[in-house]
Amino acid sequence: MLRRVYLDNSATTQCDPLVIEAMMPYLTDKFGNASSIHQFGQETRSAVDRARHQVAAALNARPNEIIFTSGGTESNNLAIRGLIENVLTKDPERPPHIITSTIEHPAVKEVCSDLEAKETQVTYLPVSENGLVSVEAVADAVRENTALISIMAANNEIGTLQAVPEIGRLVKQIRSQGRKIWFHTDAVQAFGKVPIDVEEIGCDLLSISAHKIHAPKGIGALYVRRGVRLHPQNIGGRQQRGVRAGTEPVALIVSIGKAAELAMEKLHEMDQRIRQLRDRMEDQILENINGAVLNGERTYRLPNISNISFRGVEGEALLINLDMNGIAVSTGAACSSGSLEPSPVIRALGRDDELARGAIRFSLGRFNEETDVDKLLEILPKAVSNLRELSVRA
Ligand SMILES: *Cc1c(COP(=O)(O)O)cnc(C)c1O
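Residues numbered from 1 in each chain as written. Predicted model: local features only at pLDDT ≥ 70, side-chain atom pairs only at ≥ 80, totals over all residues. Heavy atoms only, no water.

A.B. asks: Please explain the site of the ligand as it appears in this structure.
C.D. replies: Near the ligand, the surroundings consist of 13 residues, among which Thr 73, Asp 186, Ser 209, His 211 and Lys 212 are the closest. Within the side chain of Ser 209, a nitrogen or oxygen atom sits 2.6 Å from an oxygen atom of the ligand. Contact between the ligand and His 211: an oxygen atom at 2.8 Å from a side-chain N or O atom of the residue. When residues in the shell around the ligand are grouped by element, the largest group, three residues, is from helix 3 (residues 72-90). Split into classes, the residues belonging to the shell around the ligand amount to two nonpolar, nine polar and two charged. (Near = heavy atom within 4 Å. Polar contact = N/O pair within 3.5 Å; in protein donor to acceptor, adjacent residues only side chain to side chain. Helix = DSSP H or I, 4+ residues; strand = E, 2+ residues; numbered from the N terminus. Nonpolar A, V, L, I, M, F, W, Y, C, P; charged D, E, K, R; others polar.)

A.B. asks: Teacher, can you tell me more about the sheet that holds strand 9 (residues 292-294) here?
C.D. replies: In space, the three strands of this open sheet follow the order 9-10-12, with antiparallel pairing throughout. Since the sheet does not close on itself, it has two edges, and those belong to strand 9 and strand 12 (359-363), each with one partner. The mean angle between the axes of side-by-side strands here comes to 30°, regardless of whether they run parallel or antiparallel. Strands in contact with helix 9 (residues 267-288) are strand 9, strand 10 (305-310) and strand 12; relative to strand 10, the strand with the most contacts, it is inclined by about 10°. (Pairing = 2+ DSSP bridges. Axes fitted to C-alpha atoms, helices over the stretch in contact; angles between N-to-C directions. Contact = heavy atoms within 4.5 Å.)

A.B. asks: Mind showing me how you'd approach the domain arrangement of the protein chain here?
C.D. replies: The figure often quoted for interface size is the accessible area lost as the parts come together. Here the protein chain is described as being made up of domain 1 (5-14 + 267-393) and domain 2 (17-265). Measuring from the centre of the C-alpha atoms in domain 1 to the corresponding centre in domain 2 gives 28 Å. Counting from both sides, the interface comprises 30 residues of domain 1 and, opposite them, 36 residues of domain 2. A combined buried area of about 2800 Å² lies between domain 1 and domain 2, and 57% of that area is made up of carbon and sulfur atoms. (Domains from an automatic or database assignment. Buried area = accessible area lost by both parts, 1.4 Å probe.)

A.B. asks: Please explain the nonpolar core as it appears in this structure.
C.D. replies: Side chains that are nonpolar tend, in soluble globular proteins, to be buried together. Leu 59, Phe 68, Ile 149 and Leu 206 are the most contacted members of the largest nonpolar core, which totals 67 residues. In terms of residues, this core owes the most to one element, helix 8 (residues 250-265), which gives eight residues. Counting residues domain by domain, this core receives three or more from each of domain 1 (5-14 + 267-393) and domain 2 (17-265). Not counting residues up to four positions away in its chain, the partners in contact with Phe 68 are Val 48, Ala 51, Arg 52, Val 55, Ile 219, Gly 220, Ala 221, Gln 240, Arg 244, Ile 253 and Ile 256. Among the nonpolar cores identified, the runner-up in size contains 27 residues, and Val 5, Leu 277, Val 329 and Leu 387 belong to it. (Core = buried A, V, L, I, M, F, W, Y, C linked by side-chain atoms within 4.5 Å. Buried < 20%, exposed > 50% of the residue type's maximum accessible area, 1.4 Å probe, protein only.)

A.B. asks: Whenever I open this one, helix 4 (residues 106-116) confuses me. Can you help?
C.D. replies: An α-helix turns once per 3.6 residues; consequently, residues spaced three or four apart project the same way. Within helix 4, burial applies to Ala 107, Val 108, Val 111, Cys 112 and Leu 115. Burial along helix 4 is one-sided: seen end-on, the buried residues are contained in an arc of 130°. (Arc of directions from axis to C-beta.)

A.B. asks: Teacher, can you tell me more about the sheet that holds strand 7 (residues 205-209) here?
C.D. replies: In a beta sheet, neighbouring strands are held together by backbone hydrogen bonds and run either parallel or antiparallel to one another. What the seven strands build is an open sheet, ordered 2-8-7-6-5-3-4; its pairing is mixed. Bordering the open sheet on either side are strand 2 (66-69) and strand 4 (121-125), each of which pairs with just one other strand. Direction aside, neighbouring strands of the sheet carry axes that sit 20° apart on average. Alignment of strand 5 (residues 146-150) against strand 6 (residues 182-186), held across three bridges, turns out to be parallel. Bridging from a neighbouring strand, Leu 148 pairs with Trp 182 of strand 6. Packed onto the sheet, helix 2 (residues 39-59) meets strand 2, strand 7 and strand 8 (220-224) and runs at close to 110° relative to strand 2.

A.B. asks: Is there a simple way to think about the pattern of salt bridges in this case?
C.D. replies: Two side chains carrying opposite charge are able to pair once their charged atoms lie near each other. Scanning the model with the defined rule gives 24 salt bridges in all. In this structure, Glu 65 engages Arg 62 in a salt bridge whose closest nitrogen and oxygen atoms are separated by 2.8 Å. Take Arg 62: its relative accessible area is 35%, and that puts it in the partly exposed class. One salt bridge connects Glu 269 with Arg 273, and the closest N-O pair in it is separated by 2.8 Å. Here Glu 269 pairs with Arg 273, and both are found in helix 9, just four residues apart, close to one helical turn. Among the ionic contacts, a cluster of salt bridges with common partners joins Arg 175, Glu 199, Asp 204 and Arg 225. (Salt bridge = Lys/Arg side-chain N within 4 Å of Asp/Glu carboxyl O.)

A.B. asks: For this particular structure, what's the right way to read unusual backbone geometry?
C.D. replies: Negative phi characterises most residues that are not glycine, and trans characterises most peptide bonds. Located in the positive-phi region is Asn 60, a residue other than glycine, with phi close to 55°. Note on placement: Asn 60 falls in the loop between helix 2 and strand 2. By relative accessible area, Asn 60 is classed as partly exposed at 40%.

A.B. asks: It is not clear to me how the pairing of strand 10 should be interpreted in this structure. Could you clarify?
C.D. replies: The two faces of the sheet receive side chains in turn, since in a regular strand these alternate between them. In terms of residue burial, strand 10 counts as a mostly covered element, since six of its six residues are buried. Burial along strand 10 is two-sided: Ile 305, Asn 307 and Ser 309 and Ser 306, Ile 308 and Phe 310, pointing in opposite directions, are all buried. As judged from the three bridges shared by strand 9 and strand 10, these two strands associate in the antiparallel manner. Bridged to Ala 292 within strand 10 is Phe 310. Pairing analysis gives five bridges linking strand 10 to strand 12, with the strands arranged antiparallel. Its bridge partner lying in strand 12, Ser 306 is registered against Phe 362.

Structure follows, in structure tokens:
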């Protein structure tokens, strides 16, 4: 049987068996509503509290600064809309201003453009050819009415790490002048791959998602610094201090707690074994395949992602070809696949059309082995040359 190789861990990950084991009792006999007074409720309440501690510990936050959501998308929506709507109601005369970048995940970018169609101003900062946002450019973009800066910690297509602690310091400095300004960072890709410390970053809001760290889909969290007010987006209950109403999905909450704890234990492995595996894969591809070009920063980036363009090859065609050989990769973000346009992230790096269309993201996870990379390195050169031959003949 064909052994399948999964190199699309930035799209989603396989659940860790320990995560499944931890959540199982809450799918079976421990089914109480965490808001109920009786013992069934007490039991699940303490499980929710424990998970809140686990997530908080992984971020160096306090447990009461963690709001559970349905995932990264909801965390970003709650952070940005929740903050802006809160500012709006306070001062309807003055439109708030948001600073973000051109390479944010759609769950940030599209929330910003939706608000822009209402009473909000938005600045989308361009990035360097390596995918870096300039902190000076952020500082220059700050206006008297800037309410929010939302810059991702790590990009989901190229893995580039932004200088978020420097942006955090900038925000603190502006705030010390008595201005009302907040900082949100989408850390969905960064969390579990590199250390994330909300104090070191100096952010007010930070989004994470469980299914990117070996837990199920449908659960995420938003860190909300103590004292930061958000206009609730889900109303109709007093759960989670009314910021996010709705009966807590206990089993899923347990899963993100366990996954966060495991991710912290495995950070070293990510930084060593996975990084080395990624580097070997990348070096071999760049060395052995003509017209292969790395996209994004080489230094300031996640240890598990490599995004490479192949000249004269359609990324989509290569993806399908690799899939027929049992290897799963991606042409960019899973959420924008199906669109025939080349990735807006690769575009934002200033890549020409050919390179933008030929981009492939290889993303590793802790369940990948040396043999996975060996298999890719065996199949990929043939796949690329076959496709190039076809396009010459056509
Ligand atoms: C996956 C992802 C999201 C969305 O998270 P979901 O849990 O799938 O909603 C947001 N931002 C980034 C950077 C991501 O990679």
